[in-house]
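# Architecture at a glance
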Amino acid sequence: MKSYAGKIREIVMSKPENVPLTVKEIYDLGCSDIPETTFCKVLERMCGKEELVRLGKGLYYRPQMGRFGIIPLSLEEIISHFTENGRGILIGYGLYLSKGLTTQITKKSHVLTSVISEKEKQVEGVVLEKIDFEITTEIAATIEVLEILQNFAKIEDMNKVAFVKYIEDYSKKYYSNTVVEYVLSNRKYKKSTIAFLKELLSHMGVMNNLSIYLSPFSEYSFPSVEDIYEVA
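Values in this document were obtained by computation on a predicted structure and should not be read as measured data.

Right, let's talk about the overall build of the protein chain for a bit. When you go through the protein chain residue by residue, the secondary structure sums to 10 helices and 9 strands. Relative to the 2.2 N^0.38 estimate, which gives 17 Å for 232 residues, the radius of gyration of the protein chain is 22 Å and therefore markedly larger than a compact globule would have. Overall, the protein chain is about 70 × 35 × 25 Å in size when its C-alpha atoms are taken along their principal axes. Total accessible area on the protein chain is roughly 13200 Å²; 50% of this is exposed by carbon and sulfur atoms. Taking the average location of the 29 positive side-chain charges in the protein chain and that of its 31 negative ones, the two points are 6 Å from each other.

Structural data, given as structure tokens:
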């Protein structure tokens, strides 16, 4: 009969290297009969032996070993874990950079994800914000465009030529009144951001119903679409 430590180690060692693993995942795979204190101590001992690496509260990974010791998880591997298979989406400068809108980088990446249980969590250089809704390709594209428009004025070294191409691609491939309605029912964006998207779509002749989210008696402040296209 395996000891508690042997059972936990067998579960952990069956997992692929350099893939984040939550305490709950390990526990649910056959450790429910193990006292919590014992369970935690075994994980600590495995970290001491470099069989496990602690990423943050309740989060570990089985490390890949190289000639000089542990090969740490890359930023890309961490982001992938929290975004792959519709589990989340990269926002902030990581998003702007991926769309070719800027060459600026930041020390911290920001991810919206359904993987975590806390409202917000930080893992290495990645800030994780919890979401509770489905992420499809169309929903992801709509969140991305709203994030970009909401922070447009703050994006350093904005490439307006790339932005125009990006917004035109979005309008042709992904814009949908239904998807926007779903996103806005699950995540808040400023009225000025919605008005900015409406103005861009109207400029391209794309039919939309974004006026239902706006007041006809209000003036919304957003960058001049004409100026953007003139520079681009």
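Relative to each other, helix α6 (residues 137-150) and helix α9 (residues 191-203) sit at 105 degrees, their axes nearing to 9 Å. In terms of their interaxial angle, α6 and α9 are classed as roughly perpendicular. Contacts between α6 and α9 involve Leu146, Leu149 and Gln150 from the first element and Thr193, Phe196, Leu197 and Leu200 from the second. Considering only residue class, the contact of α6 with α9 consists of 5 nonpolar, 2 polar and no charged.

Interaxial distance between α6 and helix α8 (residues 177-186) falls to 9 Å at its minimum, and their mutual angle equals 65 degrees. In this view, α6 runs roughly perpendicular relative to α8, as classed from their interaxial angle. The handedness of the crossing between α6 and α8 is right-handed. Residues Glu138, Ile139, Thr142, Ile143 and Leu146 of α6 lie in contact with α8, whose contacting residues are Val179, Val180, Tyr182, Val183 and Leu184. Looking at the contact of α6 with α8, its residues break down into 8 nonpolar, 1 polar and 1 charged.

Attention shifts here to the pattern of salt bridges. Taken as a whole and assessed by the stated rule, the structure comprises 11 salt bridges. Here Arg87 and Glu84 are joined by a salt bridge, their closest N and O atoms 3.7 Å apart. On the accessibility criterion, Glu84 (33% relative accessible area) is partly exposed. Each of Glu129, Glu147 and Arg187 takes part in a single network of salt bridges with overlapping partners.

To continue, consider α6. Here α6 contains 14 residues, and its C-alpha end-to-end distance of 20 Å stays within 8% of the 20 Å for a straight helix at 1.5 Å per residue. Within α6, 11 of the 14 residues are buried, which leaves the element mostly enclosed by the surrounding structure. Along α6, the residues that are buried comprise Ile139, Ala140, Ala141, Thr142, Ile143, Glu144, Val145, Leu146, Glu147, Ile148 and Leu149. Those residues of α6 that are buried are in contact with β6 (88-91), α5 (93-98), β7 (109-113), α7 (160-173), α8 and α9.

Conventions adopted
- Residues numbered from 1 in each chain as written.
- Predicted model: local features only at pLDDT ≥ 70, side-chain atom pairs only at ≥ 80, totals over all residues.
- Heavy atoms only, no water.
- Helix = DSSP H or I, 4+ residues; strand = E, 2+ residues; numbered from the N terminus.
- Rg over C-alpha atoms; globule rule 2.2 N^0.38 Å.
- Areas by Shrake-Rupley, 256 points an atom, 1.4 Å probe, with all protein chains shown as cover.
- Lys, Arg positive; Asp, Glu negative; His and termini not counted.
- Charge placed at Lys NZ, Arg CZ, Asp CG, Glu CD.
- Axes fitted to C-alpha atoms, helices over the stretch in contact; angles between N-to-C directions.
- Parallel < 35°, antiparallel > 145°, perpendicular 65-115°, else oblique.
- Contact = heavy atoms within 4.5 Å.
- Nonpolar A, V, L, I, M, F, W, Y, C, P; charged D, E, K, R; others polar.
- Left-handed = near helix turned anticlockwise from the far one by under 90°.
- Salt bridge = Lys/Arg side-chain N within 4 Å of Asp/Glu carboxyl O.
- Buried < 20%, exposed > 50% of the residue type's maximum accessible area, 1.4 Å probe, protein only.
- Expected span 1.5 Å × (residues − 1).

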